[in-house]
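Residues per chain are reported as follows:
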Amino acid sequence: AFGVVCPTGRSKDGLLLGEKNMAKKGRAARILNTLHKVNGTKQSEALKRRERKRPSKEFGNFAGETNTTLTTNGKLSEWKKKKQKQRDMNEAKEPHDGAMHALVFGDGDFSFSVALVTIANGDGGNLVCTGLEKNVDEKTKDLVECLLDSGARVAHGVDVSKRFDEDVGAGLFESNSSNSNKKKKMDRVYFNFPDCGFGAMASLAPTRIANERLLEHLFERSSEHLKVKGELRVTCFDDAYAAAIPTEACEKLAFVKEKERFRLKAKVPFVWREFPGYEYKKNTRDDDDDEETEMRAAELKEEARRHSFDDAESKKATTLVFEYL
């Protein structure tokens, strides 16, 4: 007799061959069960045990459930979870392209928006770029000119904590097509390094609370503009001492307060060189507050200066990819 050698390694679809063989056995068992039910023949004890362990829609265990990817207790099987996780990661790593409708919030000098246009081979026709500052320097003006030449729409003085002005929103989001007056639904919303303007002071309660509220507003605005299964991409510094709100805090806040509207699809390392020309720039507010508020802001900014850093590109950062449900 010849010995049977079990192959090792992985198949073309990336599964362990042992896992693939088990999947085949499961399919064979389901087919046999169905045949027994149709013909009215007796099932073997082994098939009965498998049926009890792996309930399915065919045997009435899901009460009308139509999603065939579900298994015991309505949850994804481990195999399905692995496949879903890998699919999510592959989608999260897809680069920006000109066909995507995208909205950028809080772009300090619009260099990130220009980087997106560069990645899309100069096509900015579906890109909406916004910045907090109303008064910009010459460098920013030059970058804005590049964006306008590419077909992108640009708006200054956009605060993510507030809804777009009706007239501004109409100019930014209305479709150019004469056949439709509906607002475009975005495939992606980008927001890099959330910061209310006072720098890396996560240990100070007022600043931490303000930055958390900023994120809450970001999720709110994103839900207004994203299509279903669209992505909100928030990039944060990993170092808690270098970030106004670090990656871990952003992830935790989203899980606690936004799990009904968003799910964390993937976490992708932010690679600076993949966005040519992008330079980190902190936003500053153009507030017209009273003298006492201005004095308090000056104190906070001085504290931020002591916590600030000039080598942002050397710091590790992560992009959290949230899917809108």
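Our structure is the block above this text.
Keep in mind the model is a prediction, meaning the values are calculated, not measured.

Caption draft 1: Here's a closer look at helix H6 (residues 166-173). Every buried residue of H6 is accounted for by Gly 169, Leu 172 and Phe 173. One side of H6 carries all its buried residues, which in axial view fall inside an arc of 75°.

Caption draft 2: Spatial organisation of unusual backbone geometry. Even without being glycine, Phe 110 reaches a positive phi, approximately 65°. By the element assignment, Phe 110 lies in the loop between strand S1 (102-105) and helix H4 (111-119). By relative accessible area, Phe 110 is classed as buried at 1%. Residue Asn 121 is not a glycine yet carries a positive backbone phi of 60°.

Caption draft 3: Highlighting the pairing of S1. On S1, burial covers both faces: Ala 102 and Val 104 on one face and Leu 103 and Phe 105 on the other are all buried. Where the polypeptide runs from S1 across H4 and back to strand S2 (residues 127-130), its parallel neighbour, the crossover connection is right-handed. By the bridge criterion, 4 bridges tie S1 to strand S4 (residues 186-192) in an arrangement that is parallel. Bridging from a neighbouring strand, Phe 105 pairs with Phe 191 of S4.

Caption draft 4: Just the nonpolar core, in detail. Core analysis: the biggest nonpolar cluster contains 29 residues, and Phe 105, Leu 218, Leu 232, Val 234 and Phe 322 have the highest contact counts within it. Sorting the residues of this core by element identifies S1, H6, S4, helix H7 (205-225), strand S5 (226-237), helix H8 (247-257) and strand S7 (317-324) as the ones contributing at least two each. What Phe 105 contacts, discounting residues up to four positions off in sequence, is Thr 130, Val 158, Val 160, Phe 164, Val 189, Tyr 190, Phe 191, Leu 218 and Arg 221. Val 104, Leu 147, Phe 275 and Tyr 278 belong to the second-largest nonpolar core, a separate cluster that totals 25 residues.

Caption draft 5: Just a negative patch on the surface, in detail. A cluster of acidic residues, Asp 137, Asp 142, Glu 145 and Asp 149, forms a negative patch at the surface. Turning to its location among the elements, Asp 137 is positioned in the loop between S2 and helix H5 (138-150).

Caption draft 6: Up close: the state of the cysteines. What the rule picks out here adds up to 0 disulfides. Cys 236 supplies the cysteine sulfur nearest to Cys 250, a cysteine that is in no disulfide, at a spacing of 4.1 Å. Its relative accessible area of 0% is what places Cys 250 among the buried residues.

Caption draft 7: Representation of the packing of H4 against H5. Orientation of H4 relative to H5, taken along the N-to-C sense of each, is 35°, at an axis distance of 9 Å. Between H4 and H5 the crossing geometry is left-handed. Residue-level inspection shows Ser 111, Ser 113, Val 114 and Val 117 of H4 in contact with H5, the latter providing Leu 143, Leu 147 and Ser 150. Of the residues in the contact of H4 with H5, the class split is 4 nonpolar, 3 polar and no charged.

About the thresholds
Residues numbered from 1 in each chain as written. Predicted model: local features only at pLDDT ≥ 70, side-chain atom pairs only at ≥ 80, totals over all residues. Heavy atoms only, no water. Buried < 20%, exposed > 50% of the residue type's maximum accessible area, 1.4 Å probe, protein only. Helix = DSSP H or I, 4+ residues; strand = E, 2+ residues; numbered from the N terminus. Arc of directions from axis to C-beta. Right-handed = clockwise from strand over helix to strand, strands pointing away. Pairing = 2+ DSSP bridges. Core = buried A, V, L, I, M, F, W, Y, C linked by side-chain atoms within 4.5 Å. Contact = heavy atoms within 4.5 Å. Patch = residues over 30% accessible without salt bridge, like charges linked within 9 Å, V, L, I, M, F, W, Y side chains within 5 Å. Areas by Shrake-Rupley, 256 points an atom, 1.4 Å probe, with all protein chains shown as cover. Salt bridge = Lys/Arg side-chain N within 4 Å of Asp/Glu carboxyl O. Lys, Arg positive; Asp, Glu negative; His and termini not counted. Charge placed at Lys NZ, Arg CZ, Asp CG, Glu CD. Disulfide = S-S within 2.5 Å. Axes fitted to C-alpha atoms, helices over the stretch in contact; angles between N-to-C directions. Left-handed = near helix turned anticlockwise from the far one by under 90°. Nonpolar A, V, L, I, M, F, W, Y, C, P; charged D, E, K, R; others polar.

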